[in-house]
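Results of the structural survey
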Amino acid sequence: MALSGTAAAVSPSSRRDALITGDAVLLDLRAASFATRIVSAVIDGVLQLALLIGGILSIAWFADRAALDDGFLAAGILLASVLAYVGYPVLSELLLRGRSVGRLVMGTRVVRDDGGPVHVRQSVLRAVMAMFEIWSTTGAVALVCSVIDRRSRRIGDLLAGTMVIQERMRTHPPQRIEVPLSLRDWAQAADVGRLPLPLLQDIRAFLPRAGQINAESRHQLSRDLLRRTLPHVAPAPPPGTPPEEFLAAVLAERSRRDEMRLRRAQERQQELAAEVRAVPFSA
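Overview of the structure.

Calculation notes
Residues numbered from 1 in each chain as written. Predicted model: local features only at pLDDT ≥ 70, side-chain atom pairs only at ≥ 80, totals over all residues. Heavy atoms only, no water. Core = buried A, V, L, I, M, F, W, Y, C linked by side-chain atoms within 4.5 Å. Buried < 20%, exposed > 50% of the residue type's maximum accessible area, 1.4 Å probe, protein only. Helix = DSSP H or I, 4+ residues; strand = E, 2+ residues; numbered from the N terminus. Contact = heavy atoms within 4.5 Å. Pairing = 2+ DSSP bridges. Polar contact = N/O pair within 3.5 Å; in protein donor to acceptor, adjacent residues only side chain to side chain. Arc of directions from axis to C-beta. Patch = residues over 30% accessible without salt bridge, like charges linked within 9 Å, V, L, I, M, F, W, Y side chains within 5 Å. Areas by Shrake-Rupley, 256 points an atom, 1.4 Å probe, with all protein chains shown as cover. Salt bridge = Lys/Arg side-chain N within 4 Å of Asp/Glu carboxyl O.

**Details of the nonpolar core**
Among the nonpolar cores identified, the biggest contains 25 residues, and Trp-186, Leu-195, Ile-203 and Phe-206 are the most heavily contacted of them. Listing elements by their share of this core, those giving two or more residues are α7 (184-189), α8 (197-206), α9 (215-229) and α10 (243-277). No other element matches α10, which puts 7 residues into this core. When neighbours within four sequence positions are excluded, Trp-186 is seen to be in contact with Val-233, Pro-235, Ala-236, Pro-237, Pro-238, Phe-246, Ala-249 and Val-250. Counting residues in each nonpolar core, the second largest holds 7 residues, with Leu-52, Tyr-85, Val-90 and Ala-127 among its members.

Shown next as structure tokens:
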């Protein structure tokens, strides 16, 4: 697509939950998706059922061996149920700092709405509400609430003032952007030092994943970044330059110049350090 056309597309940005703590510290947290929470809940649910069944069988075996009446057996089953449904999630969140076995596998953690660690009261409330919205309704109520809520919270999270965040995310190796061959002469003589840092970050986030974006969205994003970049670059690129090649040339040339400036600064610091360590007078 040539540069001569007009661009009016506005790039959609992925938003995270920005929280402000009581100390006026801005936290940038990514809420865990409801799909991730479902997988985590299934893992924990299997463990809870295993604890419940194992506890009931152990109590039944002990009651039969000790010839206990049905009242002791019922009390033992109730105790095993409380330990499985309430004790397991509460102890897991307290001992593992908001995590459970399922959350450790999925890389999530429960925190307060202000980003702090959960308290015992909040863990107990979440566990009690889970018996209603997860166990008694086969997870239907929790699923509907997580899909509707912007932070994928269930009813227990809303009442307790908590949320589940994604703290382990997939990392990609950094990719070095190169100046296209057709724009090397132009890039070496162009002024690309006036680009704002947020714009550079947007270009750096767009180019490596451009091939994975829908064609129409990719076109809109590239045209929007082109429109934002042109006022900060002089002279303009040659007519007919594709937007993505122009953005790659600007980013690669700016990175090359920044690296050269940092390298010269480091060399200068090393020279100054060598002069300071040198003997001021010679014999």
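Alright, that's what it looks like, and here's the rest.
**Things to note about the pairing of strand β3 (residues 108-112)**
Burial analysis of β3 places 5 of its 5 residues in the buried class, which makes it a mostly covered element. Neither face of β3 is left uncovered, since the one carrying Thr-108, Val-110 and Arg-112 and the one carrying Arg-109 and Val-111 both have all their residues buried. Here β3 pairs with strand β4 (residues 162-166) via 5 bridges, running antiparallel. The residue of β4 that forms the bridge with Arg-109 is Ile-165.

**Focus: the side chain of Gln-122**
Turning to its location among the elements, Gln-122 is positioned in helix α4 (residues 120-135). A polar contact is formed between the side chain of Gln-122 and the backbone nitrogen of His-119, at a distance of 2.9 Å. In contact with Gln-122, other than residues within four places in its own chain, are Arg-112, Pro-117, Ala-160, Gly-161 and Thr-162.

**Some thoughts on α8**
Listed in full, the buried residues belonging to α8 are Leu-199, Leu-200, Ile-203 and Phe-206. Projected down its long axis, α8 carries its buried residues within an arc of 130°, all on one side. Every exposed residue of α8 that faces more than 90 degrees away from the buried side is listed here: Leu-197 and Pro-198. Packing partners of the buried residues in α8 comprise α9 and α10.

**Quick notes on a nonpolar patch on the surface**
Nonpolar side chains collect at one region of the surface, where Leu-91, Leu-94, Leu-95, Leu-96, Leu-104, Val-120, Val-124 and Val-128 lie side by side and expose about 660 Å² of accessible area between them. Sorting the residues of the nonpolar patch by element identifies α2 (70-95) and α4 as the ones contributing at least two each. Locating Leu-91 in the fold gives a position in helix α2.

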